[in-house]
Amino acid sequence: QQALNYTVFDCKWVPRSARLLCLGSAARGTGLVQLYELRGARLELLREIEKPKPIKCGTFGATSLQQRYLATGDFDGNLNIWNLEAPEIPVYSVKGHKEIINSIDGVGGLGIGEGAPEIVTGSRDGTVKVWDPRQKDTPVANMEPVQGESKRDCWTVAFGNAYNQEERVVCAGYDNGDIKLFDLKTMSLRWETNIKNGVCSVEFDRKDINMNKLVATSLEGKFHVFDMRTQHPTKGFASVSEKAQKSTIWQVRHLPQNRDVFMTSGGSGSLHLWKYEYPAQRSKKDSEGAEMGVAGSVSLLQNVTLSTQPISSLDWSPDKKGLCVCGAFDQTVRVLIVTKLNKI
């Protein structure tokens, strides 16, 4: 573990390397990006980059493995893309939102998903926008409240269903418990539900396949796993929910090498490792003959308490199975290795 002298909001592994990034806010209100390298049992600081505004979130998902550009969202609503080799001026910059960008996700790069290299941002201003870095200034899609509808703080966004050139969805979670699934192919709202509590994190088990499972975590310690294979005309998707702990579940991240294993990070400073078990049959017919999904079950594999403060960010290494990094409000970043994952 490495103590930091600033508030860390996001941690990310740099693909195809033993390096990781910490993104956050310095005491004087500026933004920080720190690049660390894992050397044996310690982290060595390679580079520190300071920016005018605190940085809330980042992703590598929309760039190629050759480029490995980092896209970030900041407290001022700016979306920037950085070349970490020459980070003085962003390679792409847009004032994306009126308020803080809470969440960001990328797809179409790193071999994740087919189609255009796109970035989605969700903001306190209530809007969810999709950006193509090849198109300056304007989003390729903008999901905002309809006129007269009150705007909700969007806390989390995630891409999914990007298994060919045409298909792609964005899932967004809001502070009032709303979960909305936007279909980018038809530019329409495909599904919505409410889990009665603020949605802190959503993630598909894989971005680059037919929608399979979606996990949503909430403010009061519950998470929900939706089976996304079968959508019933009125009931939507089947789901199973689990009360993991008493406090907020800040993040969920699926193991890159096994989509049925995922980790949640909690407000009590703990990490929980879960496995999803599929039911004997994933769908059945209702009384009218319409297909409806059948939810499976989740089991706890392991848990550990690392901090007295919430663990707010979490990332698995895409290259080394079981290697993960997490950042907590105690201004510490921790690197962990989870063993025996091949036996699950």
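Residue positions are counted from 1 within each chain, in the order its sequence is given. The predicted nature of this model means local features are confined to residues of pLDDT at least 70 and side-chain atom pairs, given and counted, to a pLDDT of 80 or more, with totals for whole chains, interfaces and linings taken over all residues. Derived side-chain values reflect all non-hydrogen atoms in the structure, with water molecules and hydrogen atoms excluded from consideration.

Peer 1: Looking at this structure, how should I read the overall build of the protein?
Peer 2: Of the regular secondary structure elements, the protein holds zero helices and 30 strands. We take the radius of gyration over the C-alpha atoms and set the globule estimate at 2.2 Å times the residue count to the 0.38 power. Against the globule reference of 20 Å for 344 residues, the protein gives a C-alpha radius of gyration of 19 Å, in line with a compact fold. Burial statistics for the protein: of 344 residues in total, 57% are counted as buried. Contacts in the protein between residues at least 24 apart in sequence constitute 47% of all its contacts with a sequence separation of at least 6. Surface accessibility follows the Shrake-Rupley procedure with a 1.4 Å probe radius. Residue values consider only the protein chains on display as shielding. Total accessible area on the protein is roughly 14,700 Å²; 46% of this is exposed by carbon and sulfur atoms. Asp and Glu are treated as the negative residues and Lys and Arg as the positive ones, with His and the ends of the chain left uncounted. Where a charge sits is defined by one atom per residue type, namely NZ (Lys), CZ (Arg), CG (Asp) or CD (Glu). Taking the average location of the 43 positive side-chain charges in the protein and that of its 39 negative ones, the two points are 4 Å from each other. Numbering goes from the N terminus for both helices and strands, where a helix is a DSSP run of H or I of at least four residues and a strand is a run of E of at least two. With a 1.4 Å probe rolled over the protein chains alone, any residue whose accessible area is under 20% of its type maximum counts as buried; one over 50% counts as exposed, and the rest are partly exposed. The contact rule is simple, with two residues in contact once any of their heavy atoms fall within 4.5 Å.

Peer 1: Looking at this structure, I do not really get the pattern of salt bridges. What am I missing?
Peer 2: Pairing is possible between side chains of opposite charge, provided their charged atoms come close. Each reported salt bridge corresponds to a side-chain nitrogen of Lys or Arg within 4 Å of a carboxyl oxygen of Asp or Glu. Here the structure, examined in full by the defined rule, presents 22 salt bridges. The salt bridge involving Glu-44 is made with Arg-42; its shortest N-O contact spans 3.1 Å. Overall, Glu-44 belongs to the partly exposed group, its relative accessible area being 24%. For Arg-42, a relative accessible area of 49% puts it in the partly exposed group. Across the pair Arg-134 and Asp-132 runs a salt bridge, and its minimum N-O distance is 2.8 Å. Taking relative accessible area as the criterion, Asp-132 reaches 8% and is therefore assigned buried. Among the charged side chains, a network of salt bridges with common partners joins Arg-19, Glu-37, Arg-39, Arg-42 and Glu-44.

Peer 1: How should I be thinking about the UniProt feature "repeat: WD" (unreviewed entry) in the protein in this particular structure?
Peer 2: UniProt positions are given in the numbering used here, feature names are shortened, and annotations may be inferred rather than shown by experiment. Feature annotation in UniProt assigns "repeat: WD" (unreviewed entry) to the following positions: residues 119–132. The distance separating the terminal C-alpha atoms of residues 119–132 is 7 Å; by composition the span is 0% helix and 64% strand.

Peer 1: What exactly am I supposed to notice about the packing of aromatic side chains here?
Peer 2: When we look at a pair of aromatic rings, we describe it by the centre distance and by the angle of the planes. When the centres of two rings from Phe, Tyr and Trp lie within 6.5 Å, Trp using its six-membered ring, the rings pair. Their planes under 30 degrees apart give stacked, over 60 give edge-to-face, and anything left gives tilted. If you walk through the whole model with that rule in mind, you get seven aromatic pairs. The interplanar angle of 80 degrees and the centroid separation of 5.2 Å between the aromatic rings of Tyr-276 and Tyr-278 together place this pair among those described as edge-to-face. Relative accessible area serves as the criterion here: at 1%, Tyr-276 is assigned to the buried category. Look at Tyr-278 and you get partly exposed, because its relative accessible area is 29%. Taken together, the aromatic side chains of Trp-191, Phe-226 and Phe-237 make up a single cluster linked through ring pairs. The cationic tip of Lys-136 hangs over the ring face of Tyr-92; the distance from NZ or CZ to the ring centre is 4.9 Å. Only when the NZ atom of a Lys or the CZ atom of an Arg is both within 6 Å of the ring centre and within 35 degrees of the ring normal do we say a charge sits over the ring.

Peer 1: Is there a simple way to explain the sheet that holds strand S13 (residues 141–143) in this structure?
Peer 2: Strand pairing in a sheet relies on backbone hydrogen bonds, with the paired strands running either antiparallel or parallel. Read from one edge of the open sheet, four strands run S10-S11-S12-S13, paired in antiparallel fashion. With one partner strand each, in any of the chains shown, strand S10 (101–107) and S13 form the two edges of the open sheet. When the angles between neighbouring strand axes are averaged without regard to direction, this sheet yields 15 degrees. As paired strands, S10 and strand S11 (residues 118–123) are joined by six bridges and run antiparallel to one another. Its bridge partner lying in S11, Asp-105 is registered against Val-120. Two strands pair under a simple rule: DSSP has to find at least two bridges between them. Axes here mean lines fitted to C-alpha atoms, for a helix over just the part in contact, with angles spanning 0 to 180 degrees between N-to-C directions.

Peer 1: In this structure, what is going on with the pairing of strand S30 (residues 332–337)? I would like to understand it.
Peer 2: Looking along a regular strand, one sees the side chains alternate between the two faces of the sheet. Examined bridge by bridge, strand S1 (residues 2–3) and S30 share two bridges and lie antiparallel to one another. The residue of S30 that forms the bridge with Gln-2 is Val-333. As paired strands, strand S29 (residues 323–328) and S30 are joined by six bridges and run antiparallel to one another. Within S30, the position partnered with Ala-328 by the bridge is Thr-332. The hairpin turn running from S29 into S30, its antiparallel successor, is three residues long, and Gln-331 in that turn takes a positive phi close to 60 degrees.

Peer 1: Would you explain the side chain of Gln-251 in this entry?
Peer 2: Turning to its location among the elements, Gln-251 is positioned in strand S22 (residues 249–255). Separated by 3.4 Å, the side chain of Gln-251 and the backbone nitrogen of Leu-314 make a polar contact. With residues near it in sequence (within four places) discarded, Gln-251 still touches Ser-201, Thr-217, Met-263, Thr-264, Ser-265, Ser-312, Ser-313 and Leu-314. Under the rule applied, a polar contact is a pair of N or O atoms within 3.5 Å (in protein, one hydrogen donor and one hydrogen acceptor; residues adjacent in sequence only if both atoms are side-chain atoms).

Peer 1: In this structure, what is going on with the environment of Asn-303? I would like to understand it.
Peer 2: Inspection of the secondary structure assignment puts Asn-303 in strand S27 (residues 297–305). Spatially, the C-alpha atom of Asn-303 lies 5.5 Å from that of Leu-271, the residues being 32 residues apart in sequence. Excluding its chain neighbours within four sequence positions, the residues that come into contact with Asn-303 are Leu-271 and His-272.

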